[in-house]
Every structure is written in C-alpha cells, then in structure tokens.
Amino acid sequence: MNSEFNYADYPVIIGIDFGTTYSGCCYAFAQNEEVIDIVKWPKQNNQVYPKTPTLSLYRKGTTKLVEWGHGARRLAMKPNNADSMLLSKFKLYLDEHLQQTDLGNGLNIIDVIADYLRAFHLHVCTELLKGFAGNYDQTRFRYCLTVPAMWSDRAKATMREAAIRAGLINSTDHPDRLMLISEPEAAALYCEKKSEQFNLRHGQRFMICDAGGGTVDLIVFEINEPPGERRTLKEVTNGHGGSCGSGFLDLRMREYLKRKFSHYHTINDSAMELIMDTFVNVIKPDFDGCEDHYLDLPASMGLGDLTDDEIGLENGALCLPKEELIEYVFEPVIRQVLDLIRGQLAQSPQLEAIFLVGGFGQSNYLFRRVEDEFANQVGMIGVPPRGELAVVRGAVYFGLNPQVVTERVSRRTYGVETRMLFQDGIDPPEYSVMGGDQKRYCRQRFSVYVHKGESIKVDQCVSKNFVISYPNDTDTDLFAFDGEGTPPRLTSHPLVRKVGNFPIRMPHLDGVKAGEKVNMAIKMYFGLTEIRIECVIRDKSFVFTSSFEAADANPQQQMLPPQQQQAYDPTYGANYGEYQTPLIASSDPQIQKYPYGVNDLTNSMMNTSISQQPYPPASAANTTAGYPPQQQPYSPYQPQSNPQHRPMSYQNDYYPPQSQPYPPQSQPYSHNNGSFYSAASGPGVNSGHSPSAQHGYPPQQQQQQQQQQQQQPPYGGNYGYR
C-alpha cells in the first residue's frame, strides 16, 4: 500500500447514509464539488425520492439475499409467500444498548449489512455510470459512510468490515478510500453550508439534533473563522445519542391500538398494516398535538357499523384523541429526545442555535416540544431545508474537504496495558512481578493516552517510545474506560474493557542481530472518526485503522470458556504457552540501557510526547490477522429475545405513501420568538440536483440531464420520518 493517500486518484466522492429505515446516497466530482442526489431506486413505482427502504428479503433456510429495498417489501407482501423472511431495522443490531431477537437462518449482522450494501452499491454504480461518472471506473471512486455518534468503536469496525465485504473497497486499499463520519457531524457540515440563512459567525456554537428512524444523535460545534481564513468547525461537546427515533413511535402506536381493541378481538395482520400505513403516512408527519385524528378502520375488521363511545368508535371510524396520542405514543419517545438535548446543553450552555435534521427532525410535534423546552435558552431553533438529506449531503462535503473539522472530543478514555514500578500499599500484591532488572513491577496497569471529554485536534498525535528485542513480535491491546472521573489504575477493573488489538510484526532489519534492542514508537490519533494507530520501527511503518473486535467478523473472536478465562495470562498470545512481550513502563532514565530480558518490551514514559502532524503515513497494514484471546472477553453481539425491539418483519416497519410524490411543505412553520422552520418550495430550491455545464457534461448530455430533471416531480419537505 502507498505510504500516502492520493486524493487525486479518486475524483468521484460518494456519500452513503445507511439508515435504520431508509438509506440514501449522493455524489460529487472533486473538480466542481456540486452535490448530486441519487433519486431513482429500483421498483419505486415511478416516484422520485432520494432514499430507499433499508429492507432485505431472504428465503427461510437460506442465507442468500433475494430482494432489497422497495422490491423486498413488494415481494414480502405477495400472497402465498410464507417462506420469505423480511428483515428491517437491522442497523439497530449494532446498538449494544438494545437486546435483539435472533436474525434467523444462521445469518450474522455483518453479512446482512454487507448483503444490503452490496445490492445498494451495485445500483449506485449503475446510476453513476449512466452519467458523467461513466468516464471513470469504479476503482476511481472513494466513499464517505455515515455512522451514529453513539456507536462504539466495535460497531464502527463492524461497519467498515461490512463495507469491505460488500465490495465498496478492497481490504488492501488505503483506509482513507473509505472514510467514516458521525451522522450529526455530517449534518453539521450541511448546516454550515446553509449557514448564510442563519447568520452564524466566528466563535458561535450550534447543536445538531439528528433524529432519524432508529437513532437520535446530538453534537455541538463551534464555528472557527478567523479573519482571512477558511471557515472550519470544531467539536466542543462529547456527542451522544440514543435509540429513540421515530420507529419507536410506530411500536408504541401498535401497542396503543392493541389495547384499544383488546376486548373485541386481535387485529389481524393485514388490517394492522393498513392502519399503520395511515398512521405513518398521514397522522405521524402532521401531528402537532393540537388536533384529534380520525382513522377509518379496514373492512376486514368487521366493525363498520359498530359504535363504541368507550373507545371512540363511531360507524367504523376511530377517534384518536390528541391527549391519548401525546400520552401513549409521542411523549414517551419525545421525552427521551429532550433529555438528550439537555445533556448537550449541560456541556455547552451558551448556544446560538439548535438544528433539527433527519426524517424525524421534520416532525411538527418534535419541533414544538423542543421550542417549548428550550426557546428561552437558545437563540434559534431551526429546521434547515431538506433536513432529511442533511446527513448524506454532509457526508459528501466531508469527502470533498476532510479538513473542515479541526477538533473532536474523545468519547472514551483510551490507553494501553503496561507494567509500572510496584507501589506498596497501593498496588495489589497479586499483581506484583519481578522484572529482568530484579525490580518489582505491577502488571496490567492502565496507561492512559487520552481522557474522555478531552478535545483533540484531528492531526494531533500522542506518541510513546518503546524498546523491543529483535526479532520479536508484540501485540498492542487498546483498552477503554467509559466512566467519569479518574480512570482506574488497572485494566482488570470491571469498567475497563479491551476494545482493540494491533499486532506488530517485526520487519526484517539489515545488520541487526537477534536479541539486539530496537527502538519503536507507538503513535495514536484519536481526533478522527476512527482511531488510528501507527507503529514505527526504524523506517518501517505499520498503520492500523479500526482493528477492533468487530461482531462475528472473525470466528476466533468468540468468548473463551470459563476455565480458559481463569487460566489466561495477558502476557501470552493467541496460542496458550506462546509468549508475547508485555509493555513495560518506567520513569528510570537508565531504561534505555536495556536491563531487561530479551523478551521484554520497554516503555520509556519520560519520552512520552504530544505533537501535531499530518495524517500518519501507511506503508503496511494488518487489521484482521493475529488477534489474541481477550483477557476480559468483549463478547460478540449476542441477539437476545426482547419483544420490544424486534427488527425482523415488515409488520414492524413503516413506509412512504405510495400515492403521491415527495412534496415540500406549502408553508413554513414559524413563531414570533426567533425560531425558524423552513422547507424547500420546489425542486430548484437548495436541492443540490441541477446538472449543468458546471459538471463538465458534453452539450448533448447536458440537454438530456436537463430534460430528465424537468420530468421529475419535486421532492423535499415533510414526507414521513426517516
């Protein structure tokens, strides 16, 4: 692999928003930076909408994908199709805070995501090759994939692995050919592009609340635009989120309806789906908490002539009082979103604006409730135009200019396991070991590289120097602490978890004899969306990106049996009895005189340094092989039974209306206290989809593009929640 990534080799930038309920894609050419939405998706009934359902259909008993997107739903709804299995909301399987049902068919989550992305990507490439991008081979594409801010390092690693399996990039490609960006950060870049509408200036802060179908992510950015310099953004809070997207409104609505009719009979599946279609496509987008709604019940329920004042039923029409919808359906979910916003405000009380983006972010009721709670604390609460596309368009902006974000905040405390001089009365006696210099050391000390909540520049490198005996290999384990306050002293603490492994294989060094000491630097970059580690031995460089324990990516990464867990010692490698060099830390300046045995790796803590330098070069990478067993197993995703979260059948999903295009709202929703609600008023307003001579299209192709655009109905505005 080349030591540096040459962006010029990849002139087409593709942004992918893999969503819980809908997924979208935009692209741009580096030469003109105009973002183009992909609005045509297979089997969407001649409608133009820039997202497609995140649905996958399998036959029972097989692991081969049959259909995806609109086609998956259509095929699943056909009669006599009992052998099909429609998976929905499977992105939630990467949220470690939710217990999930088994996927079935022996499927694992990496392969399910990879199957979907493979089909999704094939269609994207087909669309791109129809246009000007046809001048380039797919090998000239690079990608920016969005991930929730709340995801763990392991979940991000799982997503990268799935993208590789799906064929977006090869495992041998430079890691920067596929960049990950958090969803609220991508949305922030979109809002920054629209910032002239909001008059945000240097030093002002704004919060992004990215509310989608499954997750809600939040983050606060500060605008940095010194006189004469290019505007950049820096993250100023520890972004966080939760699984409280609009899909959970659907789950609550189902339970509400079941309780309504519990003394009659169970609502059959087909009737429930018709009712839910009405809720998703009509009631949910328009609900503002001020009016009752009415629901015409399907004839199959046999209640057409029935009147029941107790439940609000009159001649087959069911009244849904606004008070009940608020109490039982909306508020339990909305309150979770409000709590997340409070959490960000606690970190940064002075805010100029809160921007609601994402499909759920277009909700009238969510906007009203955020206004009610926070209008007196924040200068402006806004819904940017085309907010449902903020994330995917922002991903392309990031791909065009990765340097636009200059600082990020670490979400965890990270460090490595090392040995330090033993301190009587502080270190546990059972952790005492004797070093080669006949000094007592404490094993399994947690040597912190970066603290949770610490602001880190994207090019900031934390480097520590070590000494290793040639030609020994070693493994660097990365540990994380998610708690607050002072990190634990030992990695054996229950709140410290091993999250990554970076196997360092000693290169061949001319003129170096066996047993001779060799200097090695371990550099870590925490200001990126993914952690990057660079190990430098002489002039040889090893770069690792996301060498985390991706869920079931490696069969060897299963939980150890109890007897092996107890017998396992961290100084041993993948095979028991195989000695691995431990990290030894010392403040003794004589450490460079190498008083230790030939298998000890020496860490001179006095040589710890913090520097700022460009992205680390990469001359070799090994991100999959050589993982040792874990001292404290970080178990793979284990789906468990929990009927509250069952992302498996189309009955639990929701879809856009099939009877109308995706129209913008006809009027803005505004108040007199400075809050702002905006929606696009037509296909030419901030759509980012206006192919022209700026693309460099040939004249004939320009005309074809313009004719195609004129034939397409507009899209934008409040069209369900994604």
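Fair warning: this is a prediction, and the values are worked out from it, not measured in the lab.

A. Region of the structure containing the environment of Phe261. Residue position: Phe261 is located in the loop between helix 5 (247-260) and helix 6 (269-286). Linking Phe261 and Ile311, residues 50 residues apart in sequence, is a C-alpha distance of 8.1 Å. Here Phe261 is in contact with Ile267, Leu297, Met301, Leu303, Ile311 and Leu318, once residues within four sequence places are set aside.

B. Main features of the sheet that holds strand 5 (residues 55-59). With antiparallel pairing, three strands are arranged side by side in an open sheet as 6-5-7. In this open sheet, the two strands that pair with only one neighbour each are strand 6 (65-68) and strand 7 (84-88). Each strand of the sheet is rotated relative to its neighbour by a mean of 25°, with strand direction disregarded. Relative to strand 6, strand 5 runs antiparallel, the two being bridged by three bridges. Residue pairing for strand 6: Ser56 is matched across the bridge by Trp68. Together, strand 5, strand 6 and strand 7 form the strand contacts of helix 2 (residues 109-130), whose direction differs from that of strand 6 by roughly 55°.

C. Seen up close, the packing of helix 7 (residues 322-347) against helix 8 (residues 364-374). Where helix 7 contacts helix 8, the axes come no closer than 10 Å and their chain directions differ by 50°. Put simply, helix 7 runs oblique to helix 8. As helix 7 packs across helix 8, the resulting crossing turns out to be right-handed. Seen from helix 7, the contacting residues are Ile326, Phe330, Glu331, Ile334, Val337, Leu338, Ile341, Arg342 and Leu345; seen from helix 8, they are Tyr365, Leu366, Arg369, Val370, Glu373 and Phe374.

D. Layout of the sheet that holds strand 15 (residues 313-314). Overall, antiparallel pairing links the three strands, which are arranged 14-16-15 in an open sheet. At either end of the open sheet lies a strand with only one pairing partner, and these are strand 14 (293-296) and strand 15. In terms of strand pairing, strand 14 meets strand 16 (residues 317-320) through four bridges, oriented antiparallel. Following the sheet pairing, His293 is matched in strand 16 by Leu320.

E. Looking closely at helix 4 (residues 183-193). Of all eleven residues that make up helix 4, ten are buried, and the element is covered over most of its length. Taken together, the buried positions of helix 4 are Glu183, Pro184, Glu185, Ala186, Ala187, Ala188, Leu189, Tyr190, Cys191 and Glu192.

F. Local environment of helix 1 (residues 69-76). By the criterion of burial, helix 1 is predominantly enclosed, with seven of the eight residues buried. All of the buried residues along helix 1 are Gly69, His70, Gly71, Ala72, Arg73, Leu75 and Ala76. Residues of helix 1 that are buried sit in contact with strand 4 (51-53), strand 5, strand 6, strand 7, helix 2 and helix 6.

G. Representation of the pairing of strand 2 (residues 22-29) in the model. Within strand 2, eight of the eight residues are buried, which leaves it mostly tucked inside the rest of the structure. In strand 2, alternate side chains face the same way, and those of Tyr22, Gly24, Cys26 and Ala28 on one face and Ser23, Cys25, Tyr27 and Phe29 on the other are all buried. Examined bridge by bridge, strand 1 (residues 12-17) and strand 2 share six bridges and lie antiparallel to one another. Counterpart to Gly15 in the pairing with strand 2 is Cys26. What sits between strand 1 and strand 2 in their antiparallel hairpin is a turn of four residues.

Rules of the game
- Residues numbered from 1 in each chain as written.
- Predicted model: local features only at pLDDT ≥ 70, side-chain atom pairs only at ≥ 80, totals over all residues.
- Heavy atoms only, no water.
- Helix = DSSP H or I, 4+ residues; strand = E, 2+ residues; numbered from the N terminus.
- Contact = heavy atoms within 4.5 Å.
- Pairing = 2+ DSSP bridges.
- Axes fitted to C-alpha atoms, helices over the stretch in contact; angles between N-to-C directions.
- Parallel < 35°, antiparallel > 145°, perpendicular 65-115°, else oblique.
- Left-handed = near helix turned anticlockwise from the far one by under 90°.
- Buried < 20%, exposed > 50% of the residue type's maximum accessible area, 1.4 Å probe, protein only.

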